[in-house]
Amino acid sequence: MSNLLSSSIGKKLLMGLSGLFLMMFLLVHLTVNALLLVPDGGEFYNAAAHFMATNPFIKVMEPMLAIGFLVHILWGVKLTLENQKARGNSRYASGNKTTGVTWASQNMLVLGITIFAFLVLHIAQFWVKMKLVGDPRLEGIDITIGGVSTHVENAYALVNYTFSYLWVVIVYIIAGVGLALHLSHGFWSSFQTIGFSNQIWRQRLSVLGSIYAWVVGLGFALIALLQYLFYQPV
Ligand code: HEM
């Protein structure tokens, strides 16, 4: 195992696999949060949030998600520093531009740090309040799920209130663009690392990756912006 991790492909494999796992999480997270835009006073969103908070499978996935983020962040920093050290000044030696090298691919660490900074704020705004310290806005309400009246946390009220601040929305837009750029390289790169790429698929994955990256990144940003503009605090 330690041999695999110290080999060049082994080092990238951990980044690629954790990246793929996080990309699946982002898709689920975006889908649930898109329900914030259903104009029903948050009933559908609260039902989905209740499902996510009580489903045993999701409960098992939560610590795995935390581990996935930790591995991806710590390993990413380590690999970038190692690569920079190995390259020395050679990255500045030639003025020629290598084809296929994008701005995003050369700035994955900076983009990653931007996303991490956003995550610290994001977890404090929502997860800490919902799971640890509470918030008066979360006070339980009764909604109907499958014809049955159910008492749930008012997650919608907390999110809706948070997005009533312009500075918060601006932070989400900046993070969304950073995330899109990070994913636009990370998507095809992780598929390439697990060996799922060749001449034909390289091109296809690059297009698919761009679509995925911008839908996810701008999707989150748009949800925050539309909440701010059109959904009055409840
Ligand atoms: C419109 C934008 C977003 C909204 C409304 C939103 C909402 C939420 C909420 C309400 C929670 C707490 C859920 C709970 O603990 O039950 C949460 C947790 C979390 N969010 Fe977001 N989120 C958004 C964007 C993002 C983005 C862009 C990322 C990653 C880059 C992200 C990563 C996470 C993570 C890792 C957690 C903790 C794990 C979890 O509880 O599922 N979120 N988010």
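Residues numbered from 1 in each chain as written. Predicted model: local features only at pLDDT ≥ 70, side-chain atom pairs only at ≥ 80, totals over all residues.

A.B. asks: In this structure, what is going on with the overall build of the chain? I would like to understand it.
C.D. replies: Helix and strand content of the chain: nine helices and two strands. Taken from the N to the C terminus, the helices and strands of the chain come in the order α-α-α-α-α-α-β-β-α-α-α. On the principal axes, the C-alpha backbone points of the chain span a range of 65 × 40 × 35 Å. Nonlocal contacts in the chain, meaning residues at least 24 apart in sequence, comprise 74% of its contacts between residues at least 6 apart. (Helix = DSSP H or I, 4+ residues; strand = E, 2+ residues; numbered from the N terminus. Contact = placed C-beta atoms within 7 Å.)

A.B. asks: Got a minute to help me understand the nonpolar core in this structure?
C.D. replies: The nonpolar side chains of soluble globular proteins are, as a tendency, buried together. Grouped together as the largest cluster of nonpolar side chains are 33 residues, with contacts concentrated most on Leu183, Val216 and Ala224. Of all the secondary structure elements, the ones that give two or more residues to this core are α3 (43-54), α6 (108-133), α7 (155-162), α8 (166-193) and α9 (199-230). When residues in this core are grouped by element, the largest group, ten residues, is from α8. (Core = buried A, V, L, I, M, F, W, Y, C linked by C-beta atoms within 7 Å. Buried ≥ 20, exposed ≤ 12 C-beta atoms within 10 Å, placed from the backbone.)

A.B. asks: Even after reading the chapter, I still don't get helix α4 (residues 56-87), so can you show me in this structure?
C.D. replies: It helps to recall that an α-helix has 3.6 residues per turn; residues three or four apart then point in one direction. End to end, α4 covers 46 Å across 32 residues, agreeing with the expected 46 Å (1.5 Å per residue, within 8%). At glutamate 62, α4 is deflected by roughly 25°, the largest bend along its length, and proline proline 63 occurs up to four residues later in sequence. Little of α4 is tucked away, with two of its 32 residues classed as buried. (Expected span 1.5 Å × (residues − 1). Bend = angle between axes of the 7 residues up to and from the residue.)

A.B. asks: Quick question: what am I supposed to make of the site of the ligand here?
C.D. replies: Taken together, 21 residues are adjacent to the ligand, and Asn33, Phe126, Trp127, Phe220 and Ile223 come closest. If you list the elements that add at least two residues to the shell around the ligand, you get α2 (8-34), α3, α6, α7, α8 and α9. A per-element tally of the shell around the ligand places α6 first, with eight residues. Among the residues forming the shell around the ligand, the class breakdown is 17 nonpolar, three polar and one charged. (Near = placed C-beta within 6 Å. Nonpolar A, V, L, I, M, F, W, Y, C, P; charged D, E, K, R; others polar.)

A.B. asks: What's the story with the environment of methionine 52 in this structure? I'm lost.
C.D. replies: Assignment of secondary structure puts methionine 52 in helix α3. Along the chain, methionine 52 and valine 32 lie 20 residues apart, while their C-alpha atoms are 9.0 Å from each other. Among residues more than four places away in sequence, those in contact with methionine 52 are Val32 and Ile58.

A.B. asks: In this structure, what is going on with the confidence of the model for the chain? I would like to understand it.
C.D. replies: Close inspection of predicted coordinates is inappropriate for parts of the model with low pLDDT. Model confidence for the chain is summarised by a mean pLDDT of 91, while 92% of its residues fall at 70 or above. When pLDDT is averaged over each helix and strand of the chain, the minimum, 63, is found for helix α1 (residues 2-6) and the maximum, 98, for α7. Overall, residues 92-99 carries pLDDT values under 50, and its contacts beyond four positions in sequence, including any with other chains, amount to zero contacts. (pLDDT = per-residue confidence, 0-100.)

A.B. asks: Just to check I follow, could you spell out the environment of proline 56 for this structure?
C.D. replies: Looking at where proline 56 falls in the secondary structure, it is placed in helix α4. Classification of proline 56 by C-beta neighbours within 10 Å gives exposed; the count is 7. Expressed as a C-alpha distance, the spacing of proline 56 and alanine 175, which sit 119 residues apart in the sequence, is 30 Å.

A.B. asks: Explain the pairing of strand β2 (residues 148-152) to me, please; I cannot follow it from the model alone.
C.D. replies: Across a regular strand the side chains alternate sides, sitting on one face of the sheet and then on the other. Here five bridges tie strand β1 (residues 141-145) to β2, and the two strands are oriented antiparallel to one another. Pairing of isoleucine 143 across the sheet is with threonine 150, part of β2. Between β1 and β2, which follow one another and run antiparallel, lie two residues, and glycine 146 among them has a positive phi close to 55°. (Pairing = 2+ DSSP bridges.)

A.B. asks: Would you explain α8 in this entry?
C.D. replies: For α8, spanning 28 residues, the distance from its first C-alpha to its last is 39 Å, which sits close to the expected 40 Å at 1.5 Å a residue. The largest bend in α8 amounts to roughly 30° and is located at leucine 183. Positive phi appears at glycine 195, one or two residues downstream of α8, with a value of about 90°.

A.B. asks: Help me out: how do you make sense of the packing of α4 against α6 in this one?
C.D. replies: To characterise two packed helices, one gives the angle between the axes of the helices and the distance between these axes. Running from N to C, α4 and α6 point in directions that differ by 155°, and their axes come no closer than 10 Å. The angle between the axes of α4 and α6 places the two elements in the roughly antiparallel class. Considering the relative orientation of α4 and α6, their crossing is left-handed. Two secondary-structure elements touch here, α4 through Ile73, Gly76, Val77 and Thr80 and α6 through Leu109, Gly112 and Phe116. (Axes fitted to C-alpha atoms, helices over the stretch in contact; angles between N-to-C directions. Parallel < 35°, antiparallel > 145°, perpendicular 65-115°, else oblique. Left-handed = near helix turned anticlockwise from the far one by under 90°.)

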